[in-house]
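# Close look at the chain arrangement
Now for the letters of each chain:
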Amino acid sequence: MVIWRKCSEKPRYLVLDFLKVNMKTPMSVLRLPRGPEPNSRGFDPNSPRFIALCATSISASKESETDAASLQTEQRARSVMRERFLRCLLSMANKKIQFHMYEKVTVDATFGASDIDVLNFQVSDLQTPIGVQKEALIRCQDVISYSFDM
Amino acid sequence: MAMRQTPLTCSGHTRPVVDVAFSGITPFGYFLISACKDGKPMLRQGDTGDWIGTFLGHKGAVWGATLNTDATKAATAAADFTAKVWDAVSGAEVLTLAHKHIVKSVNFTKDSNCLLTGGNDKLIRIYDLNAPDEDRSVRLWDRNTLEAVKTLSFDTSVSNMEYLADGDVVLITYGKTIAFYNAHSLDLIKTVDTPANIHSASLHPEKEFVVAGGDDFKIYKYDYGTMEELESYKGHFGPVHCVRFSPDGELYASGSEDGTLRLWQTAVGKTYGLWKCVLPEDLVSENPEPLYPVPAEIKA
């Protein structure tokens, strides 16, 4: 914002007025807002809010009378399935996998690794109708199923 | 001595930010959700802008996002023809509601039991979240013949609306105008004309101010009583798509085509959230707390 003065007045006041108006002290900040973590989708399970409110996805616990026994059985079953899935991922390393995807797409590739949230699979030598992709990322949500020989 | 506004820029989105919404005040503070064309809406702490989590699952641009009052549920509207309901504590997807076209807007009812959706299929749908599969709980309203409610028509398309339940006011933006209506009778209370096409505006919870943003990249602040323009702030590098006040009125958030979300103080100079009032003499003295007077490049 510039303040113009009548031309009869000495020009040096013009500069001082300009400085006074534009030298407002800027508001200080403690730090900048924290940005997203690159490899995680967040929702820290150790945050006080999560611990206090965590709506568990275990269906048995949603019922008002929580049957401790059925909860335990369900939890055990989930642990077994999860372990089996992780072992499956380990055994897939460097093997040729057939991915069955949406739109009746089937592609072959050599499995590399999965990311922590199982959102992307890193593969090599992806065979596509338009050529072989040496290195590629397959979006897991696009995959319906996959098969391989152990 | 007057202080100059320092907005807080929340980065993380990779495409334009098209919608922003605050939750109510919860025992853990208040929260903010941002909808982005990159398909990944984010949950942030409302007073600091700190990222909490990203809701992953949509296959298209997310046009609308909202939180329920206690920030336990989130809902999003996307170009993949679905609206999704999420657990806002764990980030898990709870429900997907298929639509016949792009869904642009979502909102919870105050008791969080129902979800309203609106989009390019020109219908407003209400879903009972406790029984979303039962067809009889979905009601369809034709946009032009809203039963038992007055219809308002405009010469230019309506860009945004905000409903203040406590103040019984509906704020509607269209063209360069911001209009305020009585929420029950839909009688016009007052309007204000702005210098640019406004995409979104928000009324302060105590009805002291109105903030707005639009095509000229600036954020405008008006006194609600006199409708006088109080301030305008430059800072965004693209058109401002959405502006919302926090539930306590202490700050407002703006989302822009430039892919950022910015937090602005209502009362510049107040110590709140990440903002700390430092008098010039304090900057020179021995101060154990690390305070950063903002370098020139980041100033509004």
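Keep in mind that what you see is a predicted model, and the values were worked out from it rather than measured.

The next thing to look at is the packing of aromatic side chains. Counted according to the given criterion, the structure contains 11 aromatic pairs over all chains. With a centroid separation of 5.2 Å and 55° between ring planes, the pair formed by Phe-43 of chain A and Phe-55 of chain B is classed as tilted. Residue Phe-43 of chain A is found in the loop between strand 2 (28-29) and helix 2 (48-53), and its partner Phe-55 of chain B is found in the loop between strand 6 (51-54) and strand 7 (62-67); the two belong to separate chains. An identical accessibility class is assigned to Phe-43 of chain A and Phe-55 of chain B; each is buried. Relative to Trp-264 of chain B, the ring of Tyr-233 of chain B has its centre 5.4 Å away and its plane inclined at 25°; by these criteria the two rings are stacked. With Tyr-233 of chain B in strand 22 (residues 229-233) and Trp-264 of chain B in strand 25 (residues 261-265), this residue pair connects regions lying 31 residues apart in the sequence. Here Tyr-233 of chain B matches Trp-264 of chain B in class, with each residue buried. In textbook terms, an aromatic cluster arises when at least three aromatic residues are bridged by ring pairs, as seen for Phe-99, Phe-111, Phe-121 and Tyr-146 of chain A. Cation over ring: Arg-49 of chain A sits above Phe-31 of chain B, and NZ or CZ is 4.2 Å from the ring centre. Positioned above the aromatic ring of Tyr-224 of chain B is the side chain of Lys-190 of chain B, whose terminal nitrogen or guanidinium carbon lies 4.4 Å from the ring centre.

Another aspect to go through is the nonpolar core. Residue and element names in this part refer to chain B. Ranked by internal contacts, the top residues of the largest apolar core, which has 18 residues, are Leu-32, Leu-251, Leu-263 and Trp-275. Mapped onto this core, the elements with two or more residues apiece are strand 2 (8-10), strand 3 (17-22), strand 24 (251-256) and strand 25. Domain assignment of the residues forming this core places at least three in each of domain 1 (14-147) and domain 2 (150-265). Here Leu-263 is in contact with Pro-7, Leu-8, Cys-10, Leu-32, Gly-46, Asp-47, Thr-48, Gly-49, Leu-251, Tyr-252, Ala-253 and Trp-275, once residues within four sequence places are set aside.

A separate point is the interface of chain A and chain B. In this complex, chain A contributes 30 residues to the contact, which on the side of chain B involves 52 residues. Taking both partners together, chain A and chain B bury about 3,500 Å²; carbon and sulfur atoms supply 64% of that area. Here Asp-50 of chain B ties to Arg-31 of chain A by a salt bridge, and the two come within 2.7 Å at their closest N and O atoms. Summed over the shared surface of chain A and chain B, the result is 13 residue pairs in polar contact (both at pLDDT 80 or more). Looking at the side of chain A that touches chain B, the elements that each hand over two or more residues are strand 1 (25-26), strand 2 and helix 2 of chain A. In terms of residue count, helix 2 of chain A provides more of the side of chain A that touches chain B than any other element does, five residues in total. Classifying every residue of the side of chain A that touches chain B by side-chain character gives 16 nonpolar, seven polar and seven charged. Bridge analysis of strand 2 of chain A against strand 26 (residues 275-276) of chain B gives two bridges, and the strand direction is antiparallel. From the neighbouring strand, Val-29 of chain A faces strand 26 of chain B, where its bridge partner is Trp-275 of chain B.

A few words on the sheet that holds strand 22 of chain B. All names here are of chain B. A sheet is described by the order of its strands in space; here four strands give the open sequence 19-20-21-22, paired in antiparallel fashion. The sheet is open, and its two edges are formed by strand 19 (198-203) and strand 22, each paired on a single side. In this sheet, adjacent strand axes meet at a mean angle of 20° when their direction is disregarded. With four bridges connecting them, strand 21 (residues 219-223) and strand 22 associate as antiparallel partners. Looking at the pairing, Tyr-222 lines up with Glu-229 of strand 22.

Let's shift gears to the UniProt feature "repeat: WD" (unreviewed entry) in chain B. Residues annotated by UniProt as "repeat: WD" (unreviewed entry) correspond here to residues 55-96, 96-137 and 233-265 of chain B. The span residues 233-265 of chain B is 0% helical and 55% strand by assignment, and the distance between its end C-alpha atoms comes to 11 Å.

What counts and how
Residues numbered from 1 in each chain as written. Chains lettered and ligands numbered in written order. Predicted model: local features only at pLDDT ≥ 70, side-chain atom pairs only at ≥ 80, totals over all residues. Heavy atoms only, no water. Phe/Tyr/Trp six-rings, centres within 6.5 Å; stacked < 30°, edge-to-face > 60°. Helix = DSSP H or I, 4+ residues; strand = E, 2+ residues; numbered from the N terminus. Buried < 20%, exposed > 50% of the residue type's maximum accessible area, 1.4 Å probe, protein only. Lys NZ or Arg CZ within 6 Å of the ring centre and 35° of its normal. Core = buried A, V, L, I, M, F, W, Y, C linked by side-chain atoms within 4.5 Å. Domains from an automatic or database assignment. Contact = heavy atoms within 4.5 Å. Buried area = accessible area lost by both parts, 1.4 Å probe. Salt bridge = Lys/Arg side-chain N within 4 Å of Asp/Glu carboxyl O. Polar contact = N/O pair within 3.5 Å; in protein donor to acceptor, adjacent residues only side chain to side chain. Nonpolar A, V, L, I, M, F, W, Y, C, P; charged D, E, K, R; others polar. Pairing = 2+ DSSP bridges. Axes fitted to C-alpha atoms, helices over the stretch in contact; angles between N-to-C directions. UniProt positions renumbered as here; feature names shortened; annotations may be inferred.

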